[in-house]
Amino acid sequence: MAQIKLKVLGLSYSQTQSGAYALVLSEEEGNRRIPIIIGGFEAQSIAIELESLRPPRPLTHDLFVNFAQQFEIDLLEVNIYRFEDGIFYSELTCQQGENIVKIDARTSDAVALAIRVGCPIFTNSEIMDKTGILMPNNPNVEQTDNTKSQPSTSEENKYAKVSLRELKELLDKSISNEDYEEASNIRDEIKRREKK
């Protein structure tokens with residue numbers, strides 16, 4: 001089966017499961033996307049890395065990466081190799097010296113690790129054919145990697161009277177309190193203002 005390289009397109013709230021999120025992966029050479037339902041903890045871990053936020057203490061996935069680096073273990077790639085009963089199965093390909101080992105992993109954890117170390121994510125043509133959703137290549141629809149949609153009008157109004165300096169203080173406070181969703185919204189507002 002042909003290998004297909006994927007990229008992380010983003011996260012959204014799951015429309016089908018309360019309290020869950022959809023991790024959206026897109027093929028690099030095409031218009032198909034794979035939505036994968038994941039839990040809140042994994043979604044938060046992925047979002048933190050996508051948004052380049054730095055928590056005051058390492059999260060579990062950061063700890064795993066730090067552990068691997070200390071023992072000179074490289075994560076070479078993530079492979080989503082099976083889809084069965086609505087579940088995606090993945091494995092990590094790791095190398096330590098001459099030894100190459102494949103480790104079973106939940107797809108959400110595998111992706112959280114892959115984005116931290118910058119290794120490629122693959123699937124096969126069978127999974128893409130079975131689960132991929134074809135998205136039209138419409139120039140009027142913005143398709144950007146690793147970004148969220150612009151804040152809604154209510155979010156913009158929430159920060160309308162807050163100075164840039166105060167926003168930066170709120171951002172630091174949100175990160176310290178591990179409120180990464182709020183930190184992401186504040187960071188987006190700071191970026192929006194700095195572009196003006």
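This text goes with the structure placed above it.
What counts, and at which threshold
Residues numbered from 1 in each chain as written. Predicted model: local features only at pLDDT ≥ 70, side-chain atom pairs only at ≥ 80, totals over all residues. Heavy atoms only, no water. Helix = DSSP H or I, 4+ residues; strand = E, 2+ residues; numbered from the N terminus. Buried < 20%, exposed > 50% of the residue type's maximum accessible area, 1.4 Å probe, protein only. Contact = heavy atoms within 4.5 Å. Areas by Shrake-Rupley, 256 points an atom, 1.4 Å probe, with all protein chains shown as cover. Salt bridge = Lys/Arg side-chain N within 4 Å of Asp/Glu carboxyl O. Expected span 1.5 Å × (residues − 1). Arc of directions from axis to C-beta. Core = buried A, V, L, I, M, F, W, Y, C linked by side-chain atoms within 4.5 Å.

(A) Examining the overall build of the protein chain more closely. Each helix and strand in the protein chain was counted, giving seven helices and eight strands. Within the protein chain, buried positions represent 39% of all 196 residues. A fraction of 54% describes how many contacts in the protein chain between residues 6 or more apart in sequence connect residues 24 or more apart. By element, 49% of the accessible surface of the protein chain is carried by carbon and sulfur atoms, the whole surface being about 11,800 Å².

(B) Structural view of the pattern of salt bridges. For the structure shown, the criterion picks out 11 salt bridges. Its salt-bridge partner being E42, residue R106 comes within 2.4 Å of it at the nearest N-O pair. Note that R106 is positioned in strand β6 (residues 99-106) and E42 in helix α1 (residues 40-50), a separation of 64 residues in sequence. A salt bridge links E194 to K168; the nearest nitrogen and oxygen atoms lie 3.6 Å apart. Of the two residues, E194 is situated in helix α7 (residues 180-195) and K168 in helix α6 (residues 164-176); the sequence distance between them amounts to 26 residues.

(C) Up close: α6. The end-to-end C-alpha distance of α6 is 19 Å, a good match for the 18 Å that 13 residues give at a rise of 1.5 Å each. Turning to α6, its buried residues number three or more, namely L167, L171, S174 and I175. Seen from one end, α6 has its buried residues packed into an arc of 95 degrees, which puts them on one side. α6 presents R165, K173 and S176 as exposed residues on the side facing more than 90 degrees away from its buried surface. Along its buried surface, α6 packs onto α7.

(D) Quick look at unusual backbone geometry. Its identity is not glycine, yet S52 carries a phi of approximately 55 degrees, on the positive side. Mapped onto the secondary structure, S52 falls in the loop between α1 and α2 (60-70). Relative accessible area serves as the criterion here: at 54%, S52 is assigned to the exposed category. For E72, which is not a glycine, the phi torsion comes out positive at approximately 55 degrees. Judged by its relative accessible area of 63%, E72 falls in the exposed class.

(E) Up close: the nonpolar core. Judged by nonpolar contacts, the single largest core of 28 residues is most densely connected at L6, L23, I36, I80, L92 and I121. Secondary structure elements with two or more residues in this core: β1 (3-13), β2 (21-27), β3 (32-38), α1, β4 (74-84), β5 (87-96), α3 (107-117) and α4 (125-131). Ranked by the residues each element gives to this core, the list is headed by α3, at five residues. Setting aside residues no more than four positions away along its own chain, I36 makes contact with Y21, A22, L23, L25, I80, F88 and T107. L53, Y159, V162 and L167 belong to the second-largest nonpolar core, a separate cluster that totals 12 residues.

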